[in-house]
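# Structural features, examined
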Amino acid sequence: MSNRLKLETIYIVISFILILTGTIFKSYIGGISQVFIYGLAFIISGFYIAQEGVIKTIKNKGLNVELLMILAAVGSFILREYAEGAILIFIFALSGLLENYANSKSEKALTNLLNLAPSLAILLKDGKEIEIGAEDLKVGDNVIVKVGSQVPADGTIIFGATSINEAMITGEFLPVDKKVGDEVFSGTINESSTFIMSVSKDTNESIVQKIIDFVKTAHSNQTKTETFIERFEKIYVYIIIMLAILTTILPPLIGLWTFTDAIYRGIVVLVVGSPCALVASVSPAVLSSLSNTSRKGILIKGGKHLEVLSKIDTVILDKTGTITEGKPEVKELYFETVNETLVYDIVYSLEKHSTHPLAKAVVEYLKDSNEIKLISKELPGKGIEGTYDGNMYQVGNFNIEIPLTFKEKIHKANKGGFTTVNVSMNGILIGFFSLIDKVRPEVKNTINHLNDLKIRTIMMTGDNRYSANNIAQNAGIKYVFSDLLPEDKYRHVKSLKAEGKIVMMVGDGINDAPALAVSDIGVAMGSGTDVSLETSDVVFMNNHIQNIEKSILLAKRMKLISLQNIIFSISIIGILLVSNIFGLVILPVGVLAHEGSTILVILNSLRLLRK
Ligand code: ADP
Ligand code: MG
C-alpha cells in the first residue's frame, strides 16, 4: 500500500471513531461538544477531499463534485445537522479510498513490470570488471552476465553459451539455449552459465522498455465514457448549485414553503444531486479490468481499447505463428539440380538473414552447410533472394516457373498439409522444402467459443491455398484468405472495416504489422518483435490463443458493469431529487442513499478484479 493510501485509511478510521463516539453520547453532550466532535471528524476526513477539490478547480477552472460535497456538509452544519454533515464527508472519503484502492491495484501491476527492467550491469573494460547502472550501458559495450542475474541490455553473445529464461518477454517458461552470435534480451534471466555479450541497443530502445512504455500509456488512455462523464461533471455541478439556490428562494417567495423548509431542501438537493456515483461509475471498472488482464499476461493499451474490444464482431487470425505454433520443421526436401551441396549452402546463407519462422526451420535443417557471403534482399510475404556467381536465387513463395515434374509433387505436399518453400534459380524452380507446423491445440476450442459469441473468425495467410485450407480445416475456421502479401492483408482489414465490421486482428508482427495497425484492435501474440509492440493495441505476453475470448469477455463484462453503475446512479439521483420536492427526504436518509449508492457502484466495479 502506498503512503497516501495508508494515511487516508488512518484518517477514515479516526473519523469513524469520532462519529461513533458522537452518536453514542449524543443525548448526553451539548451542542458545543457535538460541533467539536463532528467538526473534527469532518475536518479529518474532509482534508484530502478539499485538497483534491481545490487542485481540480485550479486545473479545470471550474467547480467539481469534491467542492460540492464540502459545500453540502458546511450547509448541514449551518442547519445544525452536525452528524449528517460529518457522515456525508466520511462516506464520501470512504468511497474515494475504495476508488484509490482499485487504482493502486492496477498500478501494482505496472510496478511489477517496471521491476522487469534490470538495474545493474558488469562492464568489461581493459580486462577489468566494473559494476555500473544498466541505463549507463552504451552500444558496443562488453558485459559479463553471471548465472542467476538479469541480462542488462539487448545484445548478442560474444563468448560462452548458456540457457536463458525469457518468460517475461515471450511467456515461454522453458529456458532457451543460446550460443555465440545469438541475441539476448534485457530483463531475461541467465540460468546456466556465465557469458559475455556485446550491447546492441540503448536501454530505452530495448524490448522490455517498450513493454513498459506500452503499459504506461494504458494508464493515461481514457474510455470515451470517462471523458464524457468528466465533461458532464463540470456542467452538472453548476446545474445542481442553481437548482439548490432555486429550491431555497423560489417556493418561499410564492408562499409555498417556509424559509426553513426551503433552506433544508436546498441543502438536500446539494447532497443528493451531486453526481458522486456517476463519476465513480466507469474508472474503477476500467482500472480493475486492466489489472485483471495484466495478471493473465494480457496487456491492453488502455480503457479506450477495452471499450472497442467489447464490440468486436470479426476476428482475423494470421496463420503462421498465430494459429500454428510458429515452429515449423522441415520434413522433406526434393531437388533437381547439378550441384546440390552448393544450392544448400546458398539457401542456408540466404535464410540465415531472415527472422521468418520458415527461414529459421530451413536454417536449422541445413545447419551443417557452409555459409557463403552474399547480399540478400527480403521481400515481405514472398521470401528472400540473392545473386551468386551471376545466378539469381529466390527462396520462398515467388512467382516463378514451375516445371511439370515438380507440379504434382508440390501439389501433393500442399494437399497433405505441408507448407512448401520453393527454391528457384533465374526464375525457374530447382527444388523445394516441405515443412509442417502444428496447429495450436487450443485453437479449435477458441474458434468454437468465438462462434458461440456470434463473432466471425477469418484466417489470413501469405501461404498457398492448399496448405491454408488444410490448416483452416484443422482449426475449424470457415473463412480463409490465402496467397496474401502484407499489403493484401492490410487491404482486407480495411475493406472489412468499411463494411462496418469491428475488426480484431491477431498476428505475430512478421509480415502482418500493417494489418495489425489498421484493425480496430491489433493483437500481437508473444511480444518477441518490437514492431508488434509499437503497432498493436493488445499484447499477449504468453502465446495462449484463449486470451482472445478471455479479453473480449472481460471487456464485455466491464461494459455491462459500467452500464449498470451509470443507470443505477442516475436512478438514485432522480428518485431522491423528486422525493425531495415533496419533502420526503430527511438529510440523514439523503446522505445514506446517495453515498451508499456511490459505494455500491465502486464495489460493483471491484468485482472485475476477480478471476
Ligand atoms: P503468414 O501469413 O502465414 O504468416 P507470411 O506472410 O509470413 O505467412 O509468408 C507467406 C509465405 O511467404 C510463406 O508461406 C512462405 O512461403 C513465404 N516466405 C516469406 N518469407 C520467407 C522466408 N524468409 N523464407 C522462406 N519463405 C518465406
Ligand atoms: Mg505471419
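### Quick word on the overall build of the protein chain
Looking only at helices and strands, one finds 22 helices and 22 strands in the protein chain. In terms of overall size, the protein chain is more extended than a compact globule, its C-alpha atoms giving a radius of gyration of 32 Å where 611 residues would be expected to give roughly 25 Å. When contacts within the protein chain are restricted to residue pairs at least 6 apart in sequence, those whose partners lie at least 24 apart make up 68%. Of the accessible surface of the protein chain, which amounts to about 28500 Å², a share of 60% is contributed by carbon and sulfur atoms. Within the protein chain, the 61 negative side-chain charges are centred at a point lying 7 Å from the centre of the 59 positive side-chain charges.

### Some words on the environment of Leu-63
Mapped onto the fold, Leu-63 is located in the loop between helix H2 (31-60) and helix H3 (65-78). Considering only alpha carbons, one finds Leu-63 and Ile-235, 172 residues apart in sequence, at a separation of 8.7 Å. Beyond its immediate sequence surroundings of up to four residues, Leu-63 is in contact with Lys-234, Val-237, Tyr-238 and Ile-241.

### Description of helix H18 (residues 486-498)
The periodicity of an α-helix, 3.6 residues per turn, causes residues three or four positions apart to be oriented the same way. Given a rise of 1.5 Å per residue, 13 residues ought to cover 18 Å, and the 19 Å separating the end C-alpha atoms of H18 matches this to within 8%. Buried residues along H18 sit against strand E11 (314-318), strand E18 (456-460), strand E20 (503-507) and helix H19 (513-518). Two residues or fewer after H18 comes Gly-500, characterised by a positive phi angle close to 95°.

### Here we look at the site of ligand 1
Around ligand 1, the surrounding shell holds 21 residues, and the nearest of these are Thr-320, His-356, Thr-461, Lys-489 and Asn-511. One nitrogen or oxygen atom from the side chain of Ser-354 is found 3.0 Å from a nitrogen atom belonging to ligand 1. Note that a nitrogen atom of ligand 1 is positioned 3.5 Å from one of the backbone N or O atoms of Lys-382. For ligand 1, whose accessible area on its own is 560 Å², the fraction buried by protein is 99%. Of all the secondary-structure elements, those providing two or more residues to the shell around ligand 1 are helix H12 (319-323), helix H14 (357-365) and strand E16 (419-425). A per-class count over the shell around ligand 1 returns three nonpolar, eleven polar and seven charged.

### Notes on the pattern of salt bridges
As enumerated under the stated definition, the model contains 14 salt bridges in all. A salt bridge links Glu-329 to Lys-331; the nearest nitrogen and oxygen atoms lie 3.5 Å apart. Residue Glu-364 is joined to Lys-367 by a salt bridge in which the shortest nitrogen-to-oxygen separation is 3.2 Å. Exposure remark for Glu-364: the relative accessible area of 49% places this residue in the partly exposed category. The network of salt bridges with shared partners includes Lys-56, Glu-66 and Glu-233.

### Details of the packing of aromatic side chains
Taken as a whole and judged by the stated rule, the model has twelve aromatic pairs. Between Phe-228 and Phe-232, the ring centres sit 6.0 Å apart and the planes meet at 15°, which makes this aromatic pair stacked. In this pair, Phe-228 and Phe-232 are both assigned in helix H7 (residues 224-253), four residues apart and thus about one turn of the helix distant. Ring plane angle 85° and centroid distance 5.4 Å describe the contact between Phe-335 and Tyr-344, whose orientation is recorded as edge-to-face. Members of the aromatic cluster, each reached through a chain of ring pairs, are Tyr-11, Phe-47 and Tyr-48. We note Arg-265 situated over the ring of Trp-257; from NZ or CZ to the ring centre the distance is 4.2 Å.

### Some remarks on the sheet that holds E11
Across the sheet, which stays open at both edges, the seven strands sit in the order E10-E22-E21-E20-E11-E18-E19 with mixed pairing between neighbours. Strands with a single pairing partner mark the edges of an open sheet, and in this sheet they are strand E10 (298-300) and strand E19 (479-481). Taken over all neighbouring pairs, the strand axes of this sheet differ in orientation by 20° on average, direction set aside. Each of E10, E11, E20 and strand E22 (538-540) is contacted by helix H21 (residues 547-581), which is oriented at about 150° to E20, the strand it contacts most.

### Topic: unusual backbone geometry
Even without a glycine there, the phi angle at Asp-389 is positive, about 55°. Inspection of the secondary structure assignment puts Asp-389 in the loop between strand E14 (383-388) and strand E15 (391-396). One non-glycine residue, Asp-483, adopts positive backbone phi at about 55°. Looking at the secondary structure, you find Asp-483 in the loop between E19 and H18. According to the relative accessible area criterion, Asp-483 is partly exposed, its value standing at 43%.

### Focus: the environment of Glu-166
Tracing the sequence through the fold places Glu-166 in the loop between strand E5 (162-165) and helix H5 (167-170). Separated by 392 residues in the primary sequence, Glu-166 and Met-558 have C-alpha atoms spaced 32 Å apart.

### Focus: the environment of Ala-359
The topology assignment puts Ala-359 in helix H14. Between the alpha carbons of Ala-359 and Leu-97 there is a distance of 54 Å; along the sequence they are 262 residues apart.

### Regarding the sheet that holds E16
If you trace the six strands from one edge of the open sheet to the other, you get E12-E17-E16-E15-E14-E13, paired in antiparallel fashion. The two strands at the open ends of the sheet, each matched to only one other strand, are strand E12 (329-335) and strand E13 (376-379). Averaged over all adjacent pairs, the angle separating strand axes in this sheet is 20°, with direction ignored. Taken together, the four bridges between E15 and E16 define a ladder with antiparallel strand orientation. Among the inter-strand pairings, Gln-394 is bridged to a residue of E16, identified as Ser-424. Along the sheet face, helix H13 (residues 340-351) touches E12, E13, E14, E15, E16 and strand E17 (428-436) and points at about 125° away from the line of E14. Set on the sheet, helix H15 (residues 404-415) makes contact with E12, E16 and E17; between it and E17 the angle comes to about 15°.

Thresholds, definitions, all that
Residues numbered from 1 in each chain as written. Chains lettered and ligands numbered in written order. Predicted model: local features only at pLDDT ≥ 70, side-chain atom pairs only at ≥ 80, totals over all residues. Heavy atoms only, no water. Helix = DSSP H or I, 4+ residues; strand = E, 2+ residues; numbered from the N terminus. Rg over C-alpha atoms; globule rule 2.2 N^0.38 Å. Contact = heavy atoms within 4.5 Å. Areas by Shrake-Rupley, 256 points an atom, 1.4 Å probe, with all protein chains shown as cover. Lys, Arg positive; Asp, Glu negative; His and termini not counted. Charge placed at Lys NZ, Arg CZ, Asp CG, Glu CD. Expected span 1.5 Å × (residues − 1). Near = heavy atom within 4 Å. Polar contact = N/O pair within 3.5 Å; in protein donor to acceptor, adjacent residues only side chain to side chain. Nonpolar A, V, L, I, M, F, W, Y, C, P; charged D, E, K, R; others polar. Salt bridge = Lys/Arg side-chain N within 4 Å of Asp/Glu carboxyl O. Buried < 20%, exposed > 50% of the residue type's maximum accessible area, 1.4 Å probe, protein only. Phe/Tyr/Trp six-rings, centres within 6.5 Å; stacked < 30°, edge-to-face > 60°. Lys NZ or Arg CZ within 6 Å of the ring centre and 35° of its normal. Pairing = 2+ DSSP bridges. Axes fitted to C-alpha atoms, helices over the stretch in contact; angles between N-to-C directions.

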